[in-house]
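# Chain and residue survey
If you want the building blocks of each chain, they are given just below.
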Amino acid sequence: MSEFPQTERDSAPKMGKMTQSDTILVIEDEDLIRFSLKSRLEQEGFRVLEAATATAGLAILEDRFVDLILLDYKLPDLDGLQVLKRIAGTCPGQVTIMMTAYSSIEGVVEAMQTGAYTYIKKPFEFAEILEHVKRGLETTRLRREVERLRREAGDDERAPRLVGSSEAMADLDSLISKLNSAGASTAIILGESGTGKNVVAKRLHYTSARASCPLMTITCTDFSENLLESELFGHQKGAFTGAVATKAGLFELADGGSIFLDEIGDMPLSLQAKLLRFLEERTFRRVGGTKEIEVDVRVIAATNQDLSKKMASGEFREDLFYRLSVIPVEIPPLRERSEDVIDLAQMFVDAYAVEFRKPITGIDPKMEDALRGHDWPGNVRELRNVIERAMILTDGPTLTVADFPRAISKEARSSAKTKAEMVLGPQGLDFEAFERDLIARALDLSKKNQSAAARLLHMSRDQIRYRMEKFDLHD
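Nothing here was measured: the structure is a model prediction, and the numbers come from that model.

Residue K122 is joined to P123 through a cis peptide bond whose omega torsion reads -5 degrees. With respect to the secondary-structure elements, P123 resides in the loop between β5 (118–121) and α6 (126–157). With a phi angle near 70 degrees, K448 is a residue other than glycine that sits in the positive phi range. Along the chain, the position of K448 falls in the loop between α18 (431–445) and α19 (450–456).

Written out as structure tokens, the structure reads:
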């Protein structure tokens, strides 16, 4: 019997709602079973996608991630084992529940060996399948959490890679190796805002002999002068109002390792003097203390400011600058190494594809040229933000011109317009006006309801809102 019995439909026990964001793909060629599963699962709060053939189901998986798959064993184009193998190749770790009326010991064993999470024999009651779905979704969440923790642990334990194939990045990595081989006790990283000075600082530490000891990081602009001194050097109990207990500073905590002082160009002059004293004597005193404390700490500093100007104005000590900058580590801006842009962009695409659970594979070649040609005044940080925005807006398998801000994609848009004029004539077709009218018409039909307008145009709500801003279609 393929259809859920009416008595079961009325009396199945409620087992609790799962997360609204859980998406289930049902691949089943029997219309009644597929409809019934979709209807009942949606009542439980799930988003349900459906396919009547293996080909249609696999096409859905190419466009988006799902949390769980309910897969029929006998399909008109492929059998369930063939589909399982394809899923395992494209979506490793995907939780898939096999459904069949043709169960056998051999079939069960083969399905489990091929990657099925579990196996359900037809006919089944909805309460039974819901219980399997709940357990399967819990497995999905646990696997993703383990993967996230592994990535985070790897980030802490390994030196970050310097992404890019340019000669400048190769030279930078070589300089880091030479500084570490020489056992340099200080380093200063220079570069514009957003170039990745914190990444270079981590690489300096984690590729050095100090890698097994702590790397302590502080941004000098985050604290007032008194608090910054306490954070760096610690304080004795009663040293100032609020000092209710003795506190060790970052220099003590980093003993044997490194301390990264970001935005050192903004460090107050009084603290610059104390830092210089530490670099020369390797000792310091806590705030309010009298005892000299000796530690072995490498100081890595960074700034995006022109320290020569600050020295000329008396805002930065020359002796500290020369003590830090025996061999400055300079990071070139992104506009001077355009050959690295796509490598970096792809790294961000891969990272956000995992975070947003979107199967985006890369960037359209026409857009790659525009990315290389952009000046990137915000450097790598700006590129990362642009890719994040595009990943949120897109629904396709690749990032295209439409997913990027016009200031960056104008070159690609101009190229596309030229090609269109070659086909359509010098007047071309006013695509922007057409798109604006389409959005306006959908908003009129939906009485300004953005979600309803998005459904009419098969768009996401974010895409509608972006185009409303673009075409100034707000009330």
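What follows is about the sheet that holds strand β1 (residues 23–27). With respect to topology, five strands assemble into an open sheet ordered β2-β1-β3-β4-β5, the strand pairing being parallel. Across the chains shown, the open sheet's two edge strands, defined by having one partner strand only, are β2 (47–51) and β5. Between one strand axis and the next, the sheet turns by 20 degrees as a mean value, whatever way the strands run. Relative to β2, β1 runs parallel, the two being bridged by five bridges. Pairing of T23 across the sheet is with R47, part of β2.

Next up on the list: the confidence of the model for the protein chain. Looking at the protein chain, the pLDDT average stands at 84 and 86% of residues meet or exceed 70. This stretch, residues 1–20, has a pLDDT under 50; its non-local contacts, to residues over four places away or in other chains, come to 37 contacts. Considering only residues more than four positions removed or in separate chains, one finds that residues 415–426, a stretch of pLDDT under 50, has six contacts.

A few words on the nonpolar core. One recurring pattern in soluble globular proteins: nonpolar side chains tend to sit buried together. One finds L232, F251, L261, L275 and V299 to be the most contacted residues of the largest nonpolar core, which totals 31 residues. If you tally residues by element for this core, the top one is helix α11 (residues 269–281), at five residues. Sequence-distant contacts of V299, defined by excluding residues within four places in its chain, comprise S185, T186, A187, F251, I259, L261, L275, F278, L279 and L324. Grouped together as the second largest cluster of nonpolar side chains are 26 residues, V163, V341, I342 and V380 included.

If you walk through the whole model with that rule in mind, you get 25 salt bridges. Between K274 and E229 there is a salt bridge whose closest N-O contact spans 2.1 Å. Of this pair, K274 sits in helix α11 while E229 sits in helix α9 (residues 225–233), placing them 45 residues apart in sequence. A single salt-bridge network, built from bridges that share partners, covers R277, E281, R285 and E292.

Take the side chain of T195 next. Structurally, T195 can be placed in the loop between β6 (186–190) and α8 (197–206). With a relative accessible area of 5%, T195 lands in the buried category. A polar atom in the side chain of T195 sits 2.8 Å from the backbone oxygen of E192. Once residues within four sequence positions are removed from consideration, T195 is found in contact with I331, P332, P333, R337, N379 and V380.

About the criteria used
- Residues numbered from 1 in each chain as written.
- Predicted model: local features only at pLDDT ≥ 70, side-chain atom pairs only at ≥ 80, totals over all residues.
- Heavy atoms only, no water.
- Helix = DSSP H or I, 4+ residues; strand = E, 2+ residues; numbered from the N terminus.
- Pairing = 2+ DSSP bridges.
- Axes fitted to C-alpha atoms, helices over the stretch in contact; angles between N-to-C directions.
- pLDDT = per-residue confidence, 0-100.
- Contact = heavy atoms within 4.5 Å.
- Core = buried A, V, L, I, M, F, W, Y, C linked by side-chain atoms within 4.5 Å.
- Buried < 20%, exposed > 50% of the residue type's maximum accessible area, 1.4 Å probe, protein only.
- Salt bridge = Lys/Arg side-chain N within 4 Å of Asp/Glu carboxyl O.
- Polar contact = N/O pair within 3.5 Å; in protein donor to acceptor, adjacent residues only side chain to side chain.

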